[in-house]
Amino acid sequence: PPCPAADLLLESNDSGHDRSCLNLHRTARSQTRVQAVNNKSPSEYIHGFSEIEQSRLTLMQNILNDRQLTTICLDDVDRVLDVGSGLGQMTRAIARNTSESAIVVGVEQNEVQLNEARRQADEQGEATLVEFRPGDAVDLPLTENEFNSFDLVHARFLLEHVADPLAVVGQMVKAARPGGLIY
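Residues numbered from 1 in each chain as written. Predicted model: local features only at pLDDT ≥ 70, side-chain atom pairs only at ≥ 80, totals over all residues. Heavy atoms only, no water.

Draft legend 1. Main features of the confidence of the model for the chain. Of all residues in the chain, 73% attain a pLDDT of 70 or more, and the chain-wide mean is 77. Predicted confidence is poor over residues 1–43, with pLDDT under 50, and the contacts of this stretch with residues over four places away or in other chains come to 42 contacts. (pLDDT = per-residue confidence, 0-100. Contact = heavy atoms within 4.5 Å.)

Draft legend 2. Highlighting the pairing of strand β1 (residues 79–83). By the criterion of burial, β1 is predominantly enclosed, with five of the five residues buried. Alternating positions in β1 separate into two faces, R79, L81 and V83 on one and V80 and D82 on the other, with burial throughout. Here β1 pairs with strand β2 (residues 103–108) via five bridges, running parallel. Each bridged residue has a counterpart across the sheet, and for V83 the counterpart in β2 is V107. With helix α4 (residues 89–96) bridging β1 and its parallel neighbour β2, the resulting β-α-β unit is right-handed. Bridge count for β1 against strand β4 (residues 150–154) is three bridges, and the pairing is parallel. Its bridge partner being in β4, D82 is matched across the sheet by H154. (Buried < 20%, exposed > 50% of the residue type's maximum accessible area, 1.4 Å probe, protein only. Helix = DSSP H or I, 4+ residues; strand = E, 2+ residues; numbered from the N terminus. Pairing = 2+ DSSP bridges. Right-handed = clockwise from strand over helix to strand, strands pointing away.)

Draft legend 3. Representation of the nonpolar core in the model. In this structure, L81, V83, L140, V153 and A175 are the most contacted members of the largest nonpolar core, which totals 17 residues. Mapped onto this core, the elements with two or more residues apiece are β1, β2, β4 and α6 (165–175). Looking at which element gives the most residues to this core, the answer is α6, with three residues. Setting aside anything within four residues of it in sequence, one finds A175 in contact with L81, L140, L142, E146, F147, N148, S149, F150 and V153. Core analysis: the second largest hydrophobic core is formed by 16 residues, V104, L114, A117 and L152 among them. (Core = buried A, V, L, I, M, F, W, Y, C linked by side-chain atoms within 4.5 Å.)

Draft legend 4. Representation of the packing of aromatic side chains within the structure. Summed over the entire model, instances satisfying the criterion amount to zero aromatic pairs. Lying over the aromatic face of F150, R79 brings its terminal NZ or CZ to 4.7 Å of the ring centre. The aromatic ring of F147 is capped on one face by K174, whose charged end is 4.4 Å from the ring centroid. (Phe/Tyr/Trp six-rings, centres within 6.5 Å; stacked < 30°, edge-to-face > 60°. Lys NZ or Arg CZ within 6 Å of the ring centre and 35° of its normal.)

Laid out in structure tokens, this is it:
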């Protein structure tokens, strides 16, 4: 069956990729999923890091971010941690909707995603909105003073990619201040 996301990508992407390229890309992702199942590695990232996949993920984030932002109360939020920040679009969207003095930290394990997040932030003139840090969601790269300090700890599309989701949630709880929001 046709993939609506692929059609949407074709309509909004001027990069010259044709449908056969997208079909090959979907096939490559399917093979990655099979490989992850065969290797019994549930934490393997299933999407991939090709340029076209990064474009697809960026488009998906752009479609979803505004809608999700309406469900998060950002009143009196001065410290935000986004765990598994990926390409950083949601992290930056949250930062744009908090006070100018807010501290927003995005944590991403994958170097390719982290570099792309920084590139996109720089391209949009938003490099100073977020501090992107390399790190693992089960061992967050926070100082002792940063644990128990975040008003909002956010993760989206992360728990499906990790071997131990409960350990990640435990780290998120540890990062949140008493009464902080975990979303």
